[in-house]
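Per-entry structural report
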Amino acid sequence: MTRALLSLGSNLGDRLAHLRSAVDTLGEAVLLVSGVYETPPWGDADQPAYLNAVALVEDPAAAPQDWLARARAAERRAGRERDPQRRFGPRTLDVDVVAVWDDAGEPVLSDDPEVTLPHPRAHLRAFVLRPWIDIQPYGRLPGHGWLTDLLNAEPVAGDALELSPRPDLALESST
């Protein structure tokens, strides 16, 4: 496998520092990083707002499980603690594997419960779709269609109106 799209989100502590930490942890695998968006919490409204972004990463030797391992390593580095009682609760860092493409650029499909591809709810999440459009304006979510169509469809369109671009915040790697 070669490429993956990872979503990055943080709503606890120094949110921007946590996102930057994820980019740093991914290191040379990072090809592109989107702009940063401030978003209301999704799934559990009783928590602080998030900062969200996406990263396009590449490593010819990485399989979907490898991307998941890297995502979890970035979360651990940011002090992420999983609360099994609160699935969509607040977190220092959340890194999801959204999609993976093989060497030929074909999407990898997986129903593995550890790493389902594409991410089963990505088509419903404006905080994934809008930043992704930043780096791939003509991108497609495998099995769902064009990013712009998904972003403008109900119920995502309402959520998209609540996204606030944060051009004052950047995710350049410090390495």
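Now for a description of the structure that goes with this document. (Residues numbered from 1 in each chain as written. Predicted model: local features only at pLDDT ≥ 70, side-chain atom pairs only at ≥ 80, totals over all residues. Heavy atoms only, no water.)

What follows concerns the overall build of the protein chain. If you tally the helices and strands in the protein chain, you get 5 helices and 8 strands. Computed over C-alpha atoms, the radius of gyration of the protein chain comes to 15 Å, within 12% of the 16 Å expected from 2.2 N^0.38 for 175 residues, which places it in the range of a compact globule. Per-residue burial for the protein chain yields a buried fraction of 46% across its 175 residues. Within the protein chain, counting contacts between residues at least 6 apart in sequence, those at least 24 apart form 69% of the total. As presented, the protein chain carries roughly 8600 Å² of accessible surface, and 51% of it is formed by carbon and sulfur atoms. One finds the centroid of the 17 positive side-chain charges in the protein chain at a distance of 3 Å from the centroid of its 27 negative side-chain charges. (Helix = DSSP H or I, 4+ residues; strand = E, 2+ residues; numbered from the N terminus. Rg over C-alpha atoms; globule rule 2.2 N^0.38 Å. Buried < 20%, exposed > 50% of the residue type's maximum accessible area, 1.4 Å probe, protein only. Contact = heavy atoms within 4.5 Å. Areas by Shrake-Rupley, 256 points an atom, 1.4 Å probe, with all protein chains shown as cover. Lys, Arg positive; Asp, Glu negative; His and termini not counted. Charge placed at Lys NZ, Arg CZ, Asp CG, Glu CD.)

Once that is clear, we can look at the packing of aromatic side chains. All chains considered together, the criterion is met by 1 aromatic pair. For the ring pair tryptophan 101 and tryptophan 132, a centre distance of 6.3 Å and an interplane angle of 65° mean the geometry is edge-to-face. Here the residue tryptophan 101 occupies a position in strand β5 (residues 94-101), and tryptophan 132 occupies one in helix α3 (residues 126-135), the gap between them amounting to 31 residues. Over the aromatic face of tryptophan 67 sits the side chain of arginine 70, whose NZ or CZ is 4.7 Å from the ring centroid. (Phe/Tyr/Trp six-rings, centres within 6.5 Å; stacked < 30°, edge-to-face > 60°. Lys NZ or Arg CZ within 6 Å of the ring centre and 35° of its normal.)

So, on to the pattern of salt bridges. Oppositely charged side chains may form a pair once their charged atoms are brought near each other. All chains considered together, the criterion is met by 9 salt bridges. For aspartate 168, the salt bridge is made with arginine 166, and the minimal N-O distance between the two is 2.8 Å. Relative accessible area serves as the criterion here: at 53%, aspartate 168 is assigned to the exposed category. Salt bridges here are not isolated pairs; linked through shared partners, they connect Arg15, Glu38, Arg166 and Asp168. (Salt bridge = Lys/Arg side-chain N within 4 Å of Asp/Glu carboxyl O.)

Right, let's talk about the nonpolar core for a bit. Residues Val57, Trp67, Val95 and Val97 are the most contacted members of the largest nonpolar core, which totals 29 residues. Tallying contributions element by element places helix α1 (residues 15-26) first for this core, with 5 residues. Counting 21 residues, the second largest nonpolar core, distinct from the first, contains Val54, Trp101, Val128 and Leu141. (Core = buried A, V, L, I, M, F, W, Y, C linked by side-chain atoms within 4.5 Å.)

Our next topic: empty space enclosed by the protein. Summed over all chains, the structure comprises 1 cavity of 30 Å³ or more. Size it by volume and the largest cavity reaches roughly 30 Å³. Lining the largest cavity are Ser7, Asp96, Val98, His119, Ala122, Arg125, Phe127 and Val128. Of all elements in the fold, only β5 and α3 reach the threshold of two or more residues within the lining of the largest cavity. Residue composition of the lining of the largest cavity, grouped by class: 4 nonpolar, 2 polar and 2 charged. (1 Å grid on protein atoms, 1.4 Å probe; cavity = no way out; pocket = protein on both sides within 12 Å on 5 of 7 lines; lining within 4 Å. Points joined across faces, edges and corners; volume = space filled by probe spheres on them. Nonpolar A, V, L, I, M, F, W, Y, C, P; charged D, E, K, R; others polar.)

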